[in-house]
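# Descriptive analysis of the structure
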Amino acid sequence: MKLQLTRKRTEIPGVESFIFKPEEPLTWKAGQYLHYVLHHEPTDNRGSDRWFTVASAPFEEEVMITTRIAAEKGSSFKAALMALQIGDSIEISAVEGDFVVDNSAGEYVFIAGGIGITPFHSILKEADHAGVHLRATLLYANRDANVPYKKELDAFQKNNSDLVVHYVTAPERIDENQIKKLVPDLTKPTFYISGPEPMVKSLAEVIRGMGVTADRIKLDDFPGYPAE
Ligand SMILES: Cc1cc2nc3c(=O)[nH]c(=O)nc-3n(C[C@H](O)[C@H](O)[C@H](O)COP(=O)(O)OP(=O)(O)OC[C@H]3O[C@@H](n4cnc5c(N)ncnc54)[C@H](O)[C@@H]3O)c2cc1C
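Residues numbered from 1 in each chain as written. Predicted model: local features only at pLDDT ≥ 70, side-chain atom pairs only at ≥ 80, totals over all residues.

## Quick notes on the sheet that holds strand β2 (residues 15-22)
The strands making up a sheet are joined through hydrogen bonds of the backbone, oriented either antiparallel or parallel. The six strands lie next to each other as β4-β3-β6-β1-β2-β5, forming an open sheet whose pairing is antiparallel. For this open sheet the edge positions go to β4 (49-53) and β5 (63-68), each flanked by a neighbour on one side alone. Between one strand axis and the next, the sheet turns by 40° as a mean value, whatever way the strands run. Alignment of strand β1 (residues 2-12) against β2, held across eight bridges, turns out to be antiparallel. Paired with Leu5 across the bridge in β2 is Phe20. (Pairing = 2+ DSSP bridges. Helix = DSSP H or I, 4+ residues; strand = E, 2+ residues; numbered from the N terminus. Axes fitted to C-alpha atoms, helices over the stretch in contact; angles between N-to-C directions.)

In structure tokens form, the structure reads like this:
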């Protein structure tokens, strides 16, 4: 299936959103992702396909990719994405992924490293729209105070007294001490961790070490980025 670019937006310097209209109606759950193919010449050794979370919420009926555009050593794929004009198309294959919230009555800790916020943006936007008060604590780490989606996240928090958002800015990091401080009771919530692969793997180890069992941990790791 093809998606047609309708809009582009800069979220913060270096983080861009691309909004597409599906050729045919597309059904997905907040938190899922798509496989994209963008043919371009010349193609570097990182290739012409990528996976991206659908950062928009299902009720919006349009697909948004939000991604970091590297200042240096960026791929030819991202250069081709940046060069897309309104009306141009990108190919997708089937929706995938289980990084979704099926039980809206559950208790959650969402941990995002940088651009790893995309599935949480979709999940929280869908819940906000549906008036579902998810009981969630979001720990969101960024390299500086320029935070993608901050305005929206603050609005979701305002509309839902059961949602708490903690922004963690470098040099502060999400680590065992931060988690202990911000999540006093580790026995109930399910932990969702999303971000650069090295960060997701190491934080998963940390929370396992804190006694959180595997059935309460869900991971969504983005390859191709260094640790935040
Ligand atoms: C399920 C899933 C969901 C995802 N969702 C998202 C999402 O919502 N948003 C998102 O941005 N990404 C997402 N990703 C990651 C995405 O697919 C890309 O891997 C990522 O964006 C990096 O893109 P890029 O390879 O084009 O590198 P670029 O972004 O162009 O470069 C990133 C940096 O990587 C370094 N680098 C990495 N490989 C090389 C290399 N071979 N040579 C030189 N330098 C290199 C460079 O220093 C560069 O600065 C997801 C991945 C998965 C699997």
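Still more ground to cover, so stick around.
## Re the site of the ligand
Around the ligand, the surrounding shell holds 23 residues, and the nearest of these are Thr67, Ala70, Ser75, Thr118 and Gly224. Contributions of two or more residues to the shell around the ligand are made by β4, β5 and α1 (76-83). Per-element accounting of the shell around the ligand gives the leading share, four residues, to β4. Classifying every residue of the shell around the ligand by side-chain character gives 10 nonpolar, seven polar and six charged. (Near = placed C-beta within 6 Å. Nonpolar A, V, L, I, M, F, W, Y, C, P; charged D, E, K, R; others polar.)

## Thoughts on the domain arrangement of the protein
Assigned domains within the protein: domain 1 (2-92) and domain 2 (107-222). The C-alpha centroid of domain 2 is placed 23 Å from the C-alpha centroid of domain 1. Across the boundary between the two partners, domain 1 contributes 16 residues, which contact 13 residues of domain 2. Those elements that provide at least two residues to the side of domain 1 that touches domain 2 are β1 and β5. No other element matches β5, which puts three residues into the side of domain 1 that touches domain 2. (Domains from an automatic or database assignment. Contact = placed C-beta atoms within 7 Å.)

## Focus on the packing of helix α2 (residues 118-130) against helix α3 (residues 150-159)
Angle between the axes and distance between the axes are the two parameters that describe a pair of packed helices. The interhelical angle for the contact between α2 and α3, taken along N-to-C directions, is 40°, at an axis separation of 10 Å. Judged by the angle between their axes, α2 and α3 are oblique. α3 is crossed by α2, and the crossing has left-handed handedness. When α2 is examined against α3, the residues Leu124, Lys125 and Asp128 are found in contact with a partner set consisting of Glu152, Leu153, Phe156 and Asn159. When grouped by side-chain class, the residues that make up the contact of α2 with α3 number three nonpolar, one polar and three charged. (Parallel < 35°, antiparallel > 145°, perpendicular 65-115°, else oblique. Left-handed = near helix turned anticlockwise from the far one by under 90°.)

## Remarks on the sheet that holds strand β7 (residues 107-113)
As summarised here, the arrangement of the five strands in space is β9-β8-β7-β10-β11, forming an open sheet in which the pairing is parallel. With partners counted over all chains shown, the strands left at the sheet margins are β9 (163-169) and β11 (217-222), one partner each. Ignoring which end each strand starts from, the neighbouring axes of this sheet average 10° apart. Two strands pair when backbone bridges link them, and strand β8 (residues 135-142) and β9 are joined in this way by seven bridges, in the parallel orientation.

## Describing the nonpolar core
By size, the foremost hydrophobic cluster in this structure holds 37 residues, and its most contacted members are Phe110, Ile111 and Ala112. Going through the elements one at a time, β7, α2, β8, α3, β10 (190-196) and α5 (197-209) are the ones with two or more residues in this core. Here Ala112 is in contact with Ile117, Phe120, Leu138, Tyr140, Ala141, Ser194 and Gly195, once residues within four sequence places are set aside. Ranked by size, the runner-up nonpolar core spans 18 residues in total, among them Phe18, Val63, Phe77 and Leu81. (Core = buried A, V, L, I, M, F, W, Y, C linked by C-beta atoms within 7 Å. Buried ≥ 20, exposed ≤ 12 C-beta atoms within 10 Å, placed from the backbone.)

## Notes on α5
Compared with an ideal rise of 1.5 Å per residue, which puts 13 residues at 18 Å, α5 spans 18 Å between its outermost C-alpha atoms and is within 8% of the ideal. Looking only at α5, the buried set comprises Met199, Val200, Leu203 and Ile207. Summarising the axial view, the buried residues of α5 lie within an arc of 95°, below the 170-degree limit, and thus occupy one face. Facing away from the buried surface of α5 by more than 90 degrees, the exposed residues are Glu205 and Gly209. Immediately beyond the C-terminal end of α5, within one or two residues, lies Gly211, with a positive phi of roughly 100°. (Expected span 1.5 Å × (residues − 1). Arc of directions from axis to C-beta.)

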